[in-house]
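# Structural features, examined
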Amino acid sequence: MSDSTAIAHEAHHEHPSYQRHHFETVEQQADATNFAMWLFLLTEIMFFGGLFTAYLIYRNWYYPAFVAASHQLNVWWGTANTGVLITSSFTMAMGVWCAETRRKSGLVLCLILTFLLGLVFLGIKTIEYSEKIEKHHVPGFHYSLNSFLHPETDEAATAAGDKPLPLDMARHTELYFFLYFAMTGMHALHMIIGIAILGFMIFRARAGDYTGGHVTFVENFGLYWHFVDIVWIFLFPLLYLISRHAN
Amino acid sequence: MSDPTKHAPEHAAVHGEHEHHVTPPIVYIVIFATLLVFTALTVGASFVEMGVFNPIVAIAIGVVKATLVVLFFMGVKYSTKLTKLTVGAGLFTFLVLIGMTLADYFSRAWGRW
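This structure is a prediction, so every number in the text was calculated from the model and none was measured. (Residues numbered from 1 in each chain as written. Chains lettered and ligands numbered in written order. Predicted model: local features only at pLDDT ≥ 70, side-chain atom pairs only at ≥ 80, totals over all residues.)

## Brief notes about the overall build of chain B
Helix and strand content of chain B: three helices and zero strands. When its helices and strands are written in sequence order, chain B yields α-α-α. Burial analysis of chain B (113 residues in total) assigns 19% to the buried set. A sequence separation of at least 24 residues applies to 44% of the contacts in chain B between residues at least 6 apart. (Helix = DSSP H or I, 4+ residues; strand = E, 2+ residues; numbered from the N terminus. Buried ≥ 20, exposed ≤ 12 C-beta atoms within 10 Å, placed from the backbone. Contact = placed C-beta atoms within 7 Å.)

Here is the structure:
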């Protein structure tokens, strides 16, 4: 920047209070923050990508075990949670619009709805996890091979028409559940962090913090929330759907 | 303050390659409905026996849904060139890492033990 422009800027010095002094304009500040948020999300994509890759490699290696183990998931709970999460992404997107157009009560409503839908998602996840605990499908904690060695005694396995697996293959179902808990657990952790931030944002939104023209925080949180939605958009088919017919 | 839809500061148009884009609710509503339709489609498709195409269809629908979320909910379609390049470069690197790793594991004879 040349001296003359610096002086010119000094002269009219009329920028909003939320513009940091090291940015030329509010737009530059918003673009830089948006760029930074995307860089963070890219590291998150790489992180979840590692888990997805591990899942695909082991599914390829221990295919019969992964098919039988995935039959233990309830596709309807998964579908319900997909609907809940997509709806929460929609309410979040509407929240961003409310912030941009300075609709304070609308923003508070959207944030509360997103917060509640996040809790519903975790509630359904809890139901699913407790089923796994009851059937001893949690890896490392008295893991039971019963559903895979004797599928006729297991309701879900019978419904899917599973044949008994040999012992060495049945043991690899534990790996499926390890990856299931690692992936959905890490996803749920992201949801919990998001819900906590939403709780904080609801209070600030009620105080009118995001409806005065400075919408960066709401927008970037929206990016985070949609990213968590995208992770689930891939977890759902990979864990619940793609092995339904394979036997 | 009188006009609630005008939020950009007065000097917004002077600098920068774009004015802050506000996506109208109708876009979000259409995308939301489309995402729900695709969710129903992918669940429906999982009940149809398609052999090797079951996973392919499921992943393809997932990719379409994710693309809609990135372009519209996350607003990449209306964002700066810098953001578009960042997202594109990230996706490319991700696909290289995943693609190379999977190609290696699936093609070696070190196989199934």
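## Quick notes on the nonpolar core
Among the nonpolar cores identified, the biggest contains 73 residues, and A:Ala65, A:Ala93, A:Leu107 and A:Leu111 are the most heavily contacted of them. Every element with two or more residues in this core is listed here: helix H2 (26-61), helix H3 (63-70), helix H4 (75-100), helix H5 (104-134), helix H9 (173-206) and helix H10 (216-241) of chain A together with helix H1 (25-46) and helix H2 (53-73) of chain B. Here the element with the most residues in this core is H10(A); it accounts for 16 residues. Excluding anything up to four places from it in sequence, A:Leu111 contacts A:Gly95, A:Leu198, A:Met201, A:Ile202 and A:Ala205. (Core = buried A, V, L, I, M, F, W, Y, C linked by C-beta atoms within 7 Å.)

## Some details on the packing of H2(A) against helix H3 (residues 81-107) of chain B
For the pair H2(A) and H3(B), interaxial distance at closest approach is 10 Å and the crossing angle is 15°. Put simply, H2(A) runs roughly parallel to H3(B). For H2(A) against H3(B), the interelement crossing comes out right-handed. For the contact of H2(A) with H3(B), the class distribution of residues is 16 nonpolar, eight polar and one charged. (Axes fitted to C-alpha atoms, helices over the stretch in contact; angles between N-to-C directions. Parallel < 35°, antiparallel > 145°, perpendicular 65-115°, else oblique. Left-handed = near helix turned anticlockwise from the far one by under 90°. Nonpolar A, V, L, I, M, F, W, Y, C, P; charged D, E, K, R; others polar.)

## Side note on unusual backbone geometry
Residues and elements named next belong to chain A. One non-glycine residue, His136, lies in the positive phi region at around 55°. One can find His136 in the loop between H5 and helix H6 (146-149). Judged by C-beta crowding, with 14 C-beta atoms within 10 Å, His136 ranks as partly exposed.

## Points about the interface of chain A and chain B
Chain A puts 47 residues into the contact, and the matching count from chain B is 46 residues. Elements with a contribution of two residues or more to the side of chain A that touches chain B: H2, H4 and H10 of chain A. The greatest single-element share of the side of chain A that touches chain B, amounting to 18 residues, is contributed by H2(A). The residue inventory of the side of chain A that touches chain B, partitioned by class, reads 25 nonpolar, 14 polar and eight charged.

So far we have only geometry, and geometry alone does not tell us how the molecule works.
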